[in-house]
Amino acid sequence: LGIDIDDTLTNSKEEIVKAWQEYYNLYDLGPYTDKVPSNINTAWDDKYVSRFWDLYRTEIASRVKAKEYAAEALYNLKSNGHIIKIVTARPEDQRLVTLKSLKSQLLLFDELILRARYKGKTCKEHGIELHIDDTQENLDDIKSYGIDTLLFKHDDNWKDVYKKVIQIARYR
């Protein structure tokens, strides 16, 4: 079972908004406003976005909080024999802060996979049969490798997601 971190297991968007507001107030951001740009997670070549992540990535990763019932759902999934692999695009230099954050919030998992910009290929290489993510583009890529997916929507909760995963697993 593959699971994304940011805005799937954790409420990352809230911390990104706070950090962007600070960034906007401290630096001249050229074409950008005080609103987080829609390309914040994809515009790696943009000098303003790249600088933002260089300055705030570690702070954001250390401050994110688990979504409600996420810890309980992961505990129950592991208790039911699921192998949980966290699949994220976070870079390798975020491994320690990510591990510390996940463990401090009792988010149980078996493997942390970083640098997964192309999640379909990564999921295939790691034998993942079902992946949960909040980004449809990632899920489309994963589906193209024949892997089942589950979209985690902003208003979803982990009690319901747990039930969906159990249902999907029964039909395999």
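Let us look at the structure shown here. (Residues numbered from 1 in each chain as written. Predicted model: local features only at pLDDT ≥ 70, side-chain atom pairs only at ≥ 80, totals over all residues. Heavy atoms only, no water.)

**Here's the deal with the pattern of salt bridges**
All chains considered together, the criterion is met by ten salt bridges. Note that Glu59 is salt-bridged to Arg63, the shortest N-O span being 2.4 Å. With Glu59 and Arg63 both in helix H2 (residues 47-63) and four residues apart, the pair spans about one turn of that helix. Overall, the relative accessible area of 27% leaves Arg63 in the partly exposed class. Ionic pairing is found between Glu111 and Lys85, a salt bridge with its closest N-O pair at 3.8 Å. Placement of the pair is Glu111 in strand E3 (residues 111-113) and Lys85 in strand E2 (residues 85-87), with a sequence separation of 26 residues. The class of Lys85 is buried, set by a relative accessible area of 16%. (Salt bridge = Lys/Arg side-chain N within 4 Å of Asp/Glu carboxyl O. Helix = DSSP H or I, 4+ residues; strand = E, 2+ residues; numbered from the N terminus. Buried < 20%, exposed > 50% of the residue type's maximum accessible area, 1.4 Å probe, protein only.)

**With respect to the side chain of Glu15**
Following the sequence through the fold, Glu15 ends up in helix H1 (residues 12-26). Among the polar contacts made by the side chain of Glu15, one reaches the side chain of Arg63 at a distance of 2.7 Å. Excluding residues that lie within four positions of it along the chain, Glu15 makes contacts with Ile60, Arg63 and Val64. (Polar contact = N/O pair within 3.5 Å; in protein donor to acceptor, adjacent residues only side chain to side chain. Contact = heavy atoms within 4.5 Å.)

**A short note on the layout of surface pockets**
A probe as big as a water molecule, rolled over the atoms, marks out the empty space that is left. By volume, the largest pocket amounts to about 1,200 Å³. What lines the largest pocket is a set of 39 residues, and nearest its centre among them are Asp6, Asn41, Asp134, Thr135 and Asn138. Broken down by element, the residue count for the lining of the largest pocket peaks at five residues, all from H1. Of the residues belonging to the lining of the largest pocket, the class tally is 15 nonpolar, nine polar and 15 charged. (1 Å grid on protein atoms, 1.4 Å probe; cavity = no way out; pocket = protein on both sides within 12 Å on 5 of 7 lines; lining within 4 Å. Points joined across faces, edges and corners; volume = space filled by probe spheres on them. Nonpolar A, V, L, I, M, F, W, Y, C, P; charged D, E, K, R; others polar.)

**Concerning the sheet that holds E3**
Reading across from one edge, E3-E2-E1-E4-E5 is the order of the five strands in this open sheet, with parallel pairing throughout. Looking at strand neighbours, the two that pair on one side only are E3 and strand E5 (148-151), the edges of this open sheet. Pairing between strand E1 (residues 2-3) and E2: two bridges, direction parallel. Its bridge partner being in E2, Gly2 is matched across the sheet by Lys85. (Pairing = 2+ DSSP bridges.)

**What about H1?**
Residues spaced three or four apart along an α-helix point in a common direction, a consequence of the helix completing one turn every 3.6 residues. For H1, built from 15 residues, the straight-helix expectation of 21 Å at 1.5 Å per residue is met to within 8% by its first-to-last C-alpha distance of 21 Å. Check the buried side of H1 and you find it contacts H2. (Expected span 1.5 Å × (residues − 1).)

**Thoughts on the pairing of E5**
For strand E4 (residues 130-133) and E5, the ladder comprises four bridges, and the chain directions are parallel. Residue His131 lies in a different strand from E5, and its bridge partner there is Thr149. Crossover E4 to E5 through helix H6 (residues 136-143) is right-handed. (Right-handed = clockwise from strand over helix to strand, strands pointing away.)

**A short note on the packing of aromatic side chains**
For the structure shown, the criterion picks out ten aromatic pairs. Note on Tyr23 and Tyr27: the rings are 5.4 Å apart at their centroids and 50° apart in plane angle, and the pair reads as tilted. Classification of Tyr27 as partly exposed rests on a relative accessible area of 29%. Connected via pairs of aromatic rings, a cluster forms that spans Trp20, Tyr23, Tyr27, Tyr32, Tyr48, Phe52, Trp53 and Tyr56. Positioned above the aromatic ring of Tyr27, the side-chain terminus of Arg51 is 4.1 Å from the ring centre. (Phe/Tyr/Trp six-rings, centres within 6.5 Å; stacked < 30°, edge-to-face > 60°. Lys NZ or Arg CZ within 6 Å of the ring centre and 35° of its normal.)

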